[in-house]
Amino acid sequence: MHTLRLRSVTPHCTLGLALCLMLVVGPAWAQQGAPGGREAGGTAYYTFARPGQNTIEVLVLGGGRSGVYEIGENIDLGKLMALAGGGGGGGDATVTVHLYRREGGERTRILEERLDAFAERPQYPPLQDGDVVRLETSEGWGWREVLQITTAVTSLTFTVLRIFDVGR
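Here the structure is a predicted model, which is why all the values come from computation and not from measurement. (Residues numbered from 1 in each chain as written. Predicted model: local features only at pLDDT ≥ 70, side-chain atom pairs only at ≥ 80, totals over all residues. Heavy atoms only, no water.)

## Focus on the nonpolar core
Here is step 1: Core analysis: the biggest nonpolar cluster contains 21 residues, and Ile 71, Leu 77, Leu 80, Met 81, Val 97, Leu 127 and Val 133 have the highest contact counts within it.
Here is step 2: Sorting the residues of this core by element identifies β2 (43-48), β3 (55-61), β4 (67-72), α2 (77-83), β5 (94-103), α3 (115-118) and β7 (132-138) as the ones contributing at least two each.
Here is step 3: Discounting residues that sit within four places of it in the chain, Val 133 has contacts with Val 58, Leu 59, Val 60, Leu 61, Leu 77, Leu 80, Met 81, Val 97, His 98 and Leu 99. (Core = buried A, V, L, I, M, F, W, Y, C linked by side-chain atoms within 4.5 Å. Buried < 20%, exposed > 50% of the residue type's maximum accessible area, 1.4 Å probe, protein only. Helix = DSSP H or I, 4+ residues; strand = E, 2+ residues; numbered from the N terminus. Contact = heavy atoms within 4.5 Å.)

## Quick word on the pattern of salt bridges
For side chains of opposite charge, pairing can occur when their charged atoms come near one another.
Here is step 1: All chains considered together, the criterion is met by five salt bridges.
Here is step 2: Where Glu 112 meets Arg 109, a salt bridge forms, and the shortest distance between an N and an O atom there is 3.0 Å.
Here is step 3: Looking at Arg 109, the relative accessible area reads 44%, which means it is partly exposed.
Here is step 4: A salt bridge links Glu 113 to Arg 121, with the shortest nitrogen-to-oxygen separation between them at 2.9 Å. (Salt bridge = Lys/Arg side-chain N within 4 Å of Asp/Glu carboxyl O.)

## Here's the deal with the packing of aromatic side chains
Think of a pair of aromatic rings as described by two things: how far the centres are apart, and how the planes are tilted against each other in angle.
Here is step 1: Under the counting rule described, the total for this entry stands at three aromatic pairs.
Here is step 2: Ring centres of Tyr 46 and Tyr 69 lie 4.6 Å apart, and the angle between their planes is 20 degrees; on these two criteria the pair is classed as stacked. Separated by 23 residues along the polypeptide, Tyr 46 in strand β2 and Tyr 69 in strand β4 bring together distant segments of the chain. Summarising the burial analysis for this pair, Tyr 46 and Tyr 69 share the class buried.
Here is step 3: On the basis of an interplanar angle of 15 degrees and a centroid distance of 6.1 Å, the ring pair of Phe 48 and Tyr 69 is categorised as stacked. Within this pair, whereas Phe 48 is found in strand β2, its partner Tyr 69 is found in strand β4, the two being separated by 21 residues in sequence. (Phe/Tyr/Trp six-rings, centres within 6.5 Å; stacked < 30°, edge-to-face > 60°.)

Here is the structure:
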């Protein structure tokens, strides 16, 4: 029967908790990017219009630069995609463009198309004030993701083994 020494558990638990917290919070801090444009209550606000030009506001979610875009009313969805960073995919990522519009009191999806097919369109849909564009990115598993997960699991395993003095 294995007995647990209580006086050695407390320092190990504290160290293990700190290491686990670093494993969980560290990658999230590393992925944060600096927002562009102005910030209004945590939301980036971008203006792309000439002085005196009629404008509309469109919300972009996902992709390179999420936020509220105040754009000239002559800008179509293709130009907005270029302004917003073009989907922010890369590598093996598949980006799908969704365009939502308020019609009859409800928000309905009027477009759902993969970005690669969207780029080949001869004409892009016009935008209206209050439209919402959502860019959905789905990525495959590459060697970097497998390595990150393997490293995290190994580190966590060694931390737990060290905390409870397994094998001593």
